[in-house]
Amino acid sequence: MPRRGRLKFDDTDAWYHLYSRVAAFKGEYPLSDPVPTRHLIRTIEHYSSVYFCEVSAFCVMGNHYHLVARFEQPRAVSREDLRARSRVMYPSRTSQSVVDGWSDEEWEHYRRRLFDVSEFMRNVQACFARWYN
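Now for a description of the structure that goes with this document. On a predicted model such as this, the values are computed, not experimentally measured, just so you know.

Turning next to the pattern of salt bridges. What the rule picks out here adds up to ten salt bridges. Glu 108 serves as the salt-bridge partner of Arg 112, at 3.5 Å between the closest nitrogen and oxygen. Pair noted here: Arg 112 and Glu 108 are both in helix α4 (residues 104–113), with a separation of four residues, about one helical turn. The class for Arg 112 is partly exposed, based on a relative accessible area of 45%.

Let us look at the packing of aromatic side chains. Within this structure, the stated rule accounts for twelve aromatic pairs. Taking the centre distance of 5.6 Å and the plane angle of 70° together, the rings of Phe 71 and Phe 120 count as edge-to-face. Taken together, the residues span a long stretch of sequence, with Phe 71 in strand β3 (residues 64–71) and Phe 120 in helix α5 (residues 117–132) at a distance of 49 residues. Of the residues examined, Phe 71 reaches a relative accessible area of 2% and is grouped as buried. Ring geometry for Tyr 90 against Trp 102: centres 6.3 Å apart, planes inclined by 85°, an arrangement best described as edge-to-face. Separated by twelve residues along the polypeptide, Tyr 90 in the loop between α2 (79–89) and α3 (93–100) and Trp 102 in the loop between α3 and α4 bring together distant segments of the chain. Feature note: the residues Tyr 16, Tyr 51, Phe 71 and Phe 120 constitute an aromatic cluster, connected by ring pairs.

Angle between the axes and distance between the axes are the two parameters that describe a pair of packed helices. Running from N to C, helix α1 (residues 34–50) and α2 point in directions that differ by 165°, and their axes come no closer than 9 Å. With respect to α2, the element α1 is oriented roughly antiparallel. Remark: the crossing between α1 and α2 carries left-handed chirality. Residues His 46, Tyr 47, Ser 49 and Val 50 of α1 touch α2, and the partners they reach there are Arg 85, Val 88 and Met 89. Considered class by class, the residues forming the contact of α1 with α2 number four nonpolar, two polar and one charged.

With that settled, the discussion passes to the nonpolar core. Ranked by internal contacts, the top residues of the largest apolar core, which has 30 residues, are Leu 18, Tyr 51, Phe 71, Tyr 110, Leu 114 and Phe 120. Those elements that place two or more of their residues in this core are β1 (14–21), α1, β3, α2, α4 and α5. When residues in this core are grouped by element, the largest group, five residues, is from α5.

Analysis parameters
- Residues numbered from 1 in each chain as written.
- Predicted model: local features only at pLDDT ≥ 70, side-chain atom pairs only at ≥ 80, totals over all residues.
- Heavy atoms only, no water.
- Salt bridge = Lys/Arg side-chain N within 4 Å of Asp/Glu carboxyl O.
- Helix = DSSP H or I, 4+ residues; strand = E, 2+ residues; numbered from the N terminus.
- Buried < 20%, exposed > 50% of the residue type's maximum accessible area, 1.4 Å probe, protein only.
- Phe/Tyr/Trp six-rings, centres within 6.5 Å; stacked < 30°, edge-to-face > 60°.
- Axes fitted to C-alpha atoms, helices over the stretch in contact; angles between N-to-C directions.
- Parallel < 35°, antiparallel > 145°, perpendicular 65-115°, else oblique.
- Left-handed = near helix turned anticlockwise from the far one by under 90°.
- Contact = heavy atoms within 4.5 Å.
- Nonpolar A, V, L, I, M, F, W, Y, C, P; charged D, E, K, R; others polar.
- Core = buried A, V, L, I, M, F, W, Y, C linked by side-chain atoms within 4.5 Å.

Below, the structure written as structure tokens:
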């Protein structure tokens, strides 16, 4: 049975308790090893510097982790701020050349993503899974 959709608030700043499990065999605890744990923490720090959020607490357990994060209310953001955040999110020169060609609609889509808790978790999970696998 799929999980229920996340309740999101778009008209105010909002606090979220976020958690996710790491796929492993029964009895295996990949996050008990300090190397993946440090990488997961660096990944969370990286994306929290890009998104309009603040992680105020976290706990990494053997096969899952918890975050408490505050996401800002969506608002207008300058193109310069969006470009600076895109350089952190997409650091390669190739990626930046693509970003530089974005249309106004693509910039607006990117701006909306940076306030979205689901997009934040998707990025954290995907980045960590690519590294771990």
